[in-house]
Protein chains: 2
Amino acid sequence: MPSNPRLTLLIANKNYSSWSLRAWFALHSAGIEVEERRLPLFTERWYEEIGGLSPSGLAPVLTVHRDGAQPLRVWDSLAICEYAAETFPERRLWPADPDRRAVARSVSAQMHSGFMALRQAMPMNCRATGRRVEIGDALARDIDRITALWTGCRERASGGPWLFGALSIADAMYLPVASRFATYGVELGGAASEYAAALLAHPSFREWQRAAEAETEIVEEDEAGAVVASSSPW
Amino acid sequence: MPSNPRLTLLIANKNYSSWSLRAWFALHSAGIEVEERRLPLFTERWYEEIGGLSPSGLAPVLTVHRDGAQPLRVWDSLAICEYAAETFPERRLWPADPDRRAVARSVSAQMHSGFMALRQAMPMNCRATGRRVEIGDALARDIDRITALWTGCRERASGGPWLFGALSIADAMYLPVASRFATYGVELGGAASEYAAALLAHPSFREWQRAAEAETEIVEEDEAGAVVASSSPW
């Protein structure tokens, strides 16, 4: 493998696609150069092109181009992050300490597969503010667990703004949650509130957010909200 | 870290807990010794003990014991598999080739976060046979995608019974799907059918299956089926 393979990242709408954001942010904040290819959800182009671009039919997909060889496709946000961590070890996408890395992977995998109530009740919409939804038991439990998890990680990280000291894939996993909490007016206490603010103030997210605000497509969230796979838009 | 840390794997019921099975099978089939701790779902003991044993409140959890140090807890099935792959590199839980490893991680992550229709309509129940459920559009799509994925991986693996040549974490991820297909009478074609049979005939799974059949607890699946996080029972 050449040390700097040419990479293309297929993403869906920046306004709506939380899993695109996770992969994009992990790479972008680590300074890994990718050519971005945006395919707006549920448009004619989406249906025409997604089958040829994504083995799972979902975004994001990272394509690794090599001279004279078939391109490698890596799909699913977490697999993309693992690929980047392996391919660019000097960027330290995971904590260097094996124990901390194991916990960071636990925290990331928990987001990757869980918090369904949150994901269904509060679809990401970067542009939207002032939304309110009813906070039922399952949603309240998700919010409490996430708040406790953020607070606990930051206590153990002792001081840094991020979950495991330096910025890592774990932070990329929870960034869309911070965006949702802002959109839906979820009030957080102390450390969790500081953490969410730090995520939303990160220059890479600011860039994403500006692009999301400039997008013009509207997706019917109720209809599409049923799709909850981790490579899916929500 | 000592080269052979003492490991405890917390699992839920063998009959019902597909995510426990994934982590258990990945470790067991690789010959990694763990002390097994079974906590039957939704029993008095479950509610009393799970909070102290699992940071996410779910099974499985791998605990790494060290003399004179706090134990390390790794939760979520996929994070446990990644920890084992890193800690026991000679066991080759992932394919050795980086490209194949990236695809194996994609396939595994796709299962970890997706196929919700399948997971909800066909909860794992190792003991049960002869069940039938209505195959709606979403469920049919999941079954088709999984069948195509198994078939495509085996074609590229050219000959071996497993998805990526040697047995890997990717196979552990799909083992409970093979069990479901048997329980719910889903008929598969050629290579996919052979693959499912190979998974179900693996000695480690046979051992799990015998233990599942010897369990006496009954869990109301309808009620509990709403829990779909990857560390959850279903």
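The structure displayed is predicted, hence computed values, not measured ones.

Asks: Please explain the overall build of chain A as it appears in this structure.
Replies: Within chain A, the regular secondary structure consists of 10 helices and four strands. Seen in sequence order, chain A has helices and strands lined up from the N terminus as β-α-β-α-β-β-α-α-α-α-α-α-α-α. The globule rule puts the C-alpha radius of gyration for 234 residues at 17 Å, and the 17 Å found for chain A is close to it. Taking all 234 residues of chain A together, 59% fall into the buried category. Within chain A, contacts between residues separated by at least 24 positions form 73% of all contacts whose residues are at least 6 apart in sequence. About 9,400 Å² of surface is accessible on chain A, with carbon and sulfur atoms providing 48% of the total.

Asks: For this particular structure, what's the right way to read the interface of chain B and chain A?
Replies: A common way to state how big an interface is: give the accessible area lost once the parts meet. Counting from both sides, the interface comprises 34 residues of chain B and, opposite them, 34 residues of chain A. Summed over both sides, the interface of chain B with chain A buries roughly 2,600 Å², with 58% coming from carbon and sulfur. Connecting chain B to chain A are eight salt bridges. A salt bridge links R105 of chain A to E82 of chain B, with the nearest nitrogen and oxygen atoms 3.9 Å apart. Linking chain B with chain A are 13 residue pairs in polar contact (both at pLDDT 80 or more), by the criterion used here. At the level of elements, β4 (72-75), α3 (77-87) and α4 (98-113) of chain B are the ones that each hand at least two residues to the side of chain B that touches chain A. A per-element tally of the side of chain B that touches chain A places α4 of chain B first, with 12 residues. Across the side of chain B that touches chain A, the residue classes break down as 16 nonpolar, nine polar and nine charged.

Asks: When you look at the sheet that holds strand β3 (residues 61-65) of chain B in this model, what are you seeing that I'm missing?
Replies: Consider a sheet: its strands pair through backbone hydrogen bonds, and that pairing is either parallel or antiparallel. Residues and elements named next belong to chain B. Taken in spatial order, the four strands line up as β2-β1-β3-β4 in an open sheet, and their pairing is mixed. Across the chains shown, the open sheet's two edge strands, defined by having one partner strand only, are β2 (35-38) and β4. Across the sheet, the axes of successive neighbouring strands diverge by a mean angle of 20°, strand direction being ignored. Bridge analysis of strand β1 (residues 6-11) against β3 gives five bridges, and the strand direction is antiparallel. Counted as the bridge partner of L9 is L62 from β3.

Asks: Before we go on, may I ask you to explain the environment of E134 of chain B in this structure?
Replies: All names here are of chain B. Examined against the element boundaries, E134 turns out to sit in the loop between α5 (116-121) and α6 (137-157). Judged by its relative accessible area of 74%, E134 falls in the exposed class. Once the C-alpha coordinates of E134 and W208 are considered, the two residues, 74 residues apart in sequence, prove to be 28 Å apart.

Asks: Whenever I open this one, the sheet that holds strand β3 (residues 61-65) of chain A confuses me. Can you help?
Replies: All names here are of chain A. Read from one edge to the other, the open sheet built from four strands follows the order β2-β1-β3-β4, with strand pairing classed as mixed. The strands lining the two open edges of the sheet, one partner per strand, are β2 (35-38) and β4 (72-75). For this sheet, the mean inter-axis angle between neighbouring strands, taken without regard to orientation, is 20°. Sheet topology note: the strand β1 (residues 6-11)/β2 ladder contains four bridges and is parallel.

How each quantity is defined
Residues numbered from 1 in each chain as written. Chains lettered and ligands numbered in written order. Predicted model: local features only at pLDDT ≥ 70, side-chain atom pairs only at ≥ 80, totals over all residues. Heavy atoms only, no water. Helix = DSSP H or I, 4+ residues; strand = E, 2+ residues; numbered from the N terminus. Rg over C-alpha atoms; globule rule 2.2 N^0.38 Å. Buried < 20%, exposed > 50% of the residue type's maximum accessible area, 1.4 Å probe, protein only. Contact = heavy atoms within 4.5 Å. Areas by Shrake-Rupley, 256 points an atom, 1.4 Å probe, with all protein chains shown as cover. Buried area = accessible area lost by both parts, 1.4 Å probe. Salt bridge = Lys/Arg side-chain N within 4 Å of Asp/Glu carboxyl O. Polar contact = N/O pair within 3.5 Å; in protein donor to acceptor, adjacent residues only side chain to side chain. Nonpolar A, V, L, I, M, F, W, Y, C, P; charged D, E, K, R; others polar. Pairing = 2+ DSSP bridges. Axes fitted to C-alpha atoms, helices over the stretch in contact; angles between N-to-C directions.

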